[in-house]
Amino acid sequence: MKRLHRRAGQWVIQLVLLMLAFITFAPLVTLLSLSVKDIYQFNVAPMGLTFPMRFENYTLAWKFMAEPIWHNILVATVATLASLSMASISAFVFARFRFPGRDLLFFAIMILLFIPNTVLLVPTYQLIISFSLQNTLWALILPYCALQALAIVVLRTFFLEMPDELFDAAIVDGASVVQQFTAIAAPLAKPVIGAMAIFQVWVIWNDYAWPSLVANAPQARTAALALIVFNDFTMPAPGAGMAAGVLAALPMLVLFFATMRTFIAGLTAGAIKG
Amino acid sequence: MKQSIAWRNLALWLCIGVLALTVSACGMVTPPTEPPTNAEPPATTEAAAAGAPVATSSSDKVLSGELVINTWNDITADPAHPSYVLHELIQQWAASHPDVTVTYQPMLGTVPERFGYISTNLRSQTLADVVMQYFPSPAQLDGDLQYDFSADLDQPNPYSDNATWREDFPLNGVALRDVTVDGKVLMVGSTYSGDLGDTAVLYNKDILKQAGVEELPRTWSEFYAAMDKIKAAGYEPFYMPTAGADGYIFTWYTVLLSGQLMDDVVAQCDGQVGEEQDGVISQKEAIWCIEKGYWNARHPGVVQTFEEMKKWSQYFHEGYLAPSAPGNLFAQGKVAFLPTVRLTMAVYENDPNLTFEWGSFYLPALKDGETSPRLGNSGAGQGSQYLFIPNTTVDKGKLDLARDLLQYVTSPAAMEYWCANQPIPCFAPGTPIEEIIPGDPVKQERYRGFIEPPTIDNMVARLDANDVFGPAIVVQENQILQDYLAGNADLEQTLDAYQAFLEQQASNILLQHPEWNADSW
Amino acid sequence: MRQSERSAVGEPSFPYGQRRAGIMQGVRRYGLFYLLLAPTFLFAIAFYYYPLLSGIYHSFTYWDIKRTVWVGLDNYARLFADPATAAAWRNMALIVGSQMIVVLTFPLLGAALVHHVRRGQYWWRVAFVLPIVVPATVIVFVWRWFYGVDGGINYLLRLVGMEELTRAWLGDPATALWAIIFVGFPWVAGLNFLIYLAALQSIPEEVLDAARVDGATALRTFFQIELPMIRPQMSLLLMLTIIYYLRSFDAPLIMTNGGPGTTGTLVPGLQMYRSIRDELDLGYGSAIGTLLFGVLLAVSLLNLAIRQRLEKTV
């Protein structure tokens, strides 16, 4: 009796999950189906599949989106590499050494977690403008490089929990601070650094407001921004506009399927800051 | 020994971060070195396609260097677009100067965004060497930061036989009038007649027929009667976006209405504070007008404009308060009237899906028996495609190069080339359309609204938020009106909000112009 | 690996060399630490500390890139006098309030179900993570189409014969703000889901077994045991939601630009953004930013205080 009860419960769970997943994915599936419609199909039958599928929409969208997607990949890669190199060595220094002012300095980094970049939008904009960096990729790379606080806090905890014995032998051999980091700490921290890196890439890829302010020109536009400009300004065939949406999402999907485990770990760790 | 290893490692590690930045990004970050974004192969390769130069320089100065041009849109993209001819002219010029390369940086974005782009980059000194734009606004002109052409205009243009460059501009240089501030000419117009910024209303003839509208409305009440019939026939009468990428259309029609109702204010404010009395309100005159209270939200003209818009709004397309969705309601045959700009006519002329008959007309005047004033940022047929040189170009030592290009594209020969390659030929304002496009009734019908009534001496006076504060800020005016149209605010609240808006913007502009000595007004 | 068998966490270790070092060497040793920290701090100063101070200072000026004019409290006077400000904060409060309810219900439901499902748990988890990977802009973009006059929602309504309910969802002042709140419905997929799931999965089996032996039903186990055990995560997520939606404005920016009307979907962040993009009035924007910062700081401190008190009472 009870087992029957439980099995019925499982069915209910599966059913509810299926429903939730259906609603969750409906917009995305609609996006996919809209992206292969010509203007007539788009107006008459927006929901559901129509034939023939117009894949030329993607050719059109790709023309506009290729450059911005490349910009985004470049920005995300460079900024993530740079910010994590800086953050991980800082975290290591904070975790394993004592020097005057250490706690104060760490506190100075900690409180950055409570300063969302949005409230600094105006002065950061002015900073970029005064160095004439707007509409270059630097306007994106440099501020994104400053996103280090979370990585430092997470990595510091990790390094702090490393047993001293790990380093003893190296120290006896006279390894320097940097050698200790590169030879022992960094390799062990690889999964954590990887997770933080993915989170960073995700944050950068998701940003819209900042690029729309400082990089709204063809030479620096990012994918999210290009999607909106393509649709609102160039007034493409509506299907091509939707295809651009698919293209803007594609690189992250590829990254996700390539690094699923690390990706989920990164998001979970990153979510703490939100 | 160990110390030194540590230091070396340290240096190495620090370099990784910095090098990662510099090396991997360096080549891609600086705009001029990135050819694909400009969608433009090196000038020389395309020069052949553009044809031989239509004018040669009488000066024997050899020009060389690289010239970067901010363009309003991608002028290479569509040969049917009127701006493509400018691209051809620029390529001709480049071809005749083999040591010169030209690169384009299109601006893209909504109209307000592009104005924001120009203002921001002008102030931060990061514009390209030459900037091409449509619809120049008095609010964006800045004599401190833009090159002043007035001295050059009194000299001959090497590409022309006229005594001075100024004479190259037809119709007594009307194109230069609205871009002159304090005697400084801050832009030159590259097109001359048949203003590309002219507005008109397209109509779907099939819908009009079905609704029983036999003739195009000639008075404001006939216009309303027509919209009533269209609505009764189950169609949407008037496409009027109030937000989003084409929200500027709503702004323009607000200007068109208020432009007919505020003659007394214009008369009071024109020619004040040392400005010329020319029938056109400059930014300085307008601010004086606000400060003195002549232009205020309680003026009957403003009130009537708002009330008229509210009456009109019952005929606007469904969802006119939201940014427009993809797809064109006019092309789909759902809406009878579509206001547009001549600049975008190619979109409709070349659309194979437009299976119905259509044409264009200009809205009748609010008061019976009057002619409605012509709208379009410049009017008077002087064209609205402008070029200017930021002062930074002068600092870079590229003035000769930039000015030579501008002289080429504004020379009489280039103008002739321009006119010969436009969808409709150039014409003097007041010419009947039957003479401009002879023997082509279909085309006559499509372009009539842009040409009749004639523009000359019949323009809005520019006492409006769009001209005085600029197209970026005017989004606020749209939204104040939206509140009123949607019934979220009553007339009193709307007028209060509008007055606050006028005063706020005026006080900001006064802060920008300490040289006006507004305290002494 | 080795991390798992870590020793008790005590003070960080010290290299032997340091103890033996002379003064000069000590200075050099410390110098190295500061040098290693320098890049981090360079960026922190350039993109956090300097902008913070600059923003506060410039909120007292008229600042349009070209010139800076000290105007005292004018910007704040304008900010508080503008009826749009009150409306923007009201809109934001509505969004924050709704999202607080959302974060406590849908993602939790999703996580609980996935946690208890027996078959295909892994795939369900992947399925509910997948939508987070799609950039938020794309999601907002799709929803914008759904809300259009000829968009998906109206199409479906017409399909089921509820023609009279169709409207321009983003153009109707009565629905625009709700439309923006409803973006992402049913809000299951997301970071919140991941955190709940991780929390549920970390509940020790023994606790649950004990309950099961007592014969508690699944529902009762959930409400009496699991829910109380993930309360810390719930309060954390609540906090993060508040902070996030206090400042977020991407959706109104992309969907409505704050409209319809002056206040339809305006939020303070967007008000700030538009003061830069449309007006080039950086001083006014700074004033809005400073106010936002103050409120965020207050909320964060309040949160800290509450947590400390809670910890003490426990």
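### Section: the overall build of chain C
No. 1: Assigned secondary structure in chain C consists of 15 helices and two strands.
No. 2: Per-residue burial over chain C gives 54% buried out of 314 residues.
No. 3: Long-range contacts, defined as pairs at least 24 residues apart, comprise 64% of the intrachain contacts of chain C with a sequence gap of at least 6.

### A look at the domain arrangement of chain B
Residue and element names in this part refer to chain B.
No. 1: By domain assignment, chain B separates into domain 1 (37–195 + 380–420) and domain 2 (199–373 + 458–520).
No. 2: Between domain 1 and domain 2, the C-alpha centre-to-centre distance is 30 Å.
No. 3: In this assembly, 20 residues from domain 1 lie in contact with 22 residues from domain 2.
No. 4: With both sides pooled, the region where domain 1 packs onto domain 2 buries about 1800 Å², and carbon together with sulfur makes up 61% of that total.
No. 5: Taken together, the connections running from domain 1 to domain 2 amount to zero salt bridges.
No. 6: Per-element accounting of the side of domain 1 that touches domain 2 gives the leading share, four residues, to helix 4 (residues 111–123).
No. 7: In terms of residue class, the side of domain 1 that touches domain 2 is built from 11 nonpolar, four polar and five charged.

### Description of the sheet that holds strand 1 (residues 65–71) of chain B
Each strand in a sheet pairs with its neighbour through backbone hydrogen bonds, running either in the same direction (parallel) or in the opposite one (antiparallel).
All names here are of chain B.
No. 1: Strands sit in the order 2-1-3-11-6 across an open sheet of five strands; the sheet is mixed. A strand with exactly one partner marks an edge of an open sheet, and here the two such strands are strand 2 (100–106) and strand 6 (188–189).
No. 2: The sheet contact formed by strand 3 (residues 130–134) and strand 11 (residues 385–388) spans four bridges and is antiparallel. Residue pairing across strands places methionine 132 opposite leucine 387, the latter belonging to strand 11.
No. 3: Its contacts with the sheet place helix 3 (residues 84–96) against strand 1, strand 2, strand 3 and strand 11, and it is angled at close to 155° to strand 2.

### Examining unusual backbone geometry
No. 1: Here the amide bond leading from glutamate 452 of chain B into proline 453 of chain B is cis, since omega sits at -5°, within 30 degrees of zero.
No. 2: Following glycine 259 of chain C, the chain continues to proline 260 of chain C via a peptide bond in cis, the omega torsion being 0°.
No. 3: With respect to the secondary-structure elements, proline 260 of chain C resides in the loop between helix 13 (250–255) and helix 14 (268–277).
No. 4: Even without glycine at this site, asparagine 257 of chain C takes up a positive phi of about 55°.
No. 5: Inspection of the secondary structure puts asparagine 257 of chain C in the loop between helix 13 and helix 14.
No. 6: Non-glycine residue leucine 280 of chain C carries a positive phi angle of around 55°.
No. 7: By secondary structure assignment, the location of leucine 280 of chain C is in the loop between helix 14 and helix 15 (282–313).

### Some points on the sheet that holds strand 10 (residues 358–361) of chain B
All names here are of chain B.
No. 1: The four strands lie next to each other as 8-9-7-10, forming an open sheet whose pairing is mixed. If you trace the sheet from one side to the other, it starts and ends with strand 8 (236–238) and strand 10, each paired once. Taking each pair of neighbouring strands and ignoring which way they run, the sheet shows an average axis angle of 30°.
No. 2: Here strand 7 (residues 199–204) pairs with strand 9 (residues 335–341) via five bridges, running antiparallel. Looking across to strand 9, one finds that leucine 202 is bridged to leucine 338.

### Some remarks on the packing of helix 5 (residues 121–130) of chain A against helix 14 of chain C
Packed helix pairs are characterised by how far apart their axes lie and by the angle those axes make with each other.
No. 1: With their axes 10 Å apart at the nearest point, helix 5 of chain A and helix 14 of chain C run at an angle of 25° to one another. Here helix 5 of chain A is positioned roughly parallel relative to helix 14 of chain C, judged by the angle of their axes. The crossing of helix 5 of chain A and helix 14 of chain C is right-handed. Counted together, Leu121, Val122 and Tyr125 of chain A of helix 5 of chain A and Met272, Tyr273 and Ile276 of chain C of helix 14 of chain C form the full contact between these two elements.
No. 2: Taken together, the residues of the contact of helix 5 of chain A with helix 14 of chain C break down into six nonpolar, no polar and no charged.

The rules we used
Residues numbered from 1 in each chain as written. Chains lettered and ligands numbered in written order. Predicted model: local features only at pLDDT ≥ 70, side-chain atom pairs only at ≥ 80, totals over all residues. Heavy atoms only, no water. Helix = DSSP H or I, 4+ residues; strand = E, 2+ residues; numbered from the N terminus. Buried < 20%, exposed > 50% of the residue type's maximum accessible area, 1.4 Å probe, protein only. Contact = heavy atoms within 4.5 Å. Domains from an automatic or database assignment. Buried area = accessible area lost by both parts, 1.4 Å probe. Salt bridge = Lys/Arg side-chain N within 4 Å of Asp/Glu carboxyl O. Nonpolar A, V, L, I, M, F, W, Y, C, P; charged D, E, K, R; others polar. Pairing = 2+ DSSP bridges. Axes fitted to C-alpha atoms, helices over the stretch in contact; angles between N-to-C directions. Parallel < 35°, antiparallel > 145°, perpendicular 65-115°, else oblique. Left-handed = near helix turned anticlockwise from the far one by under 90°.

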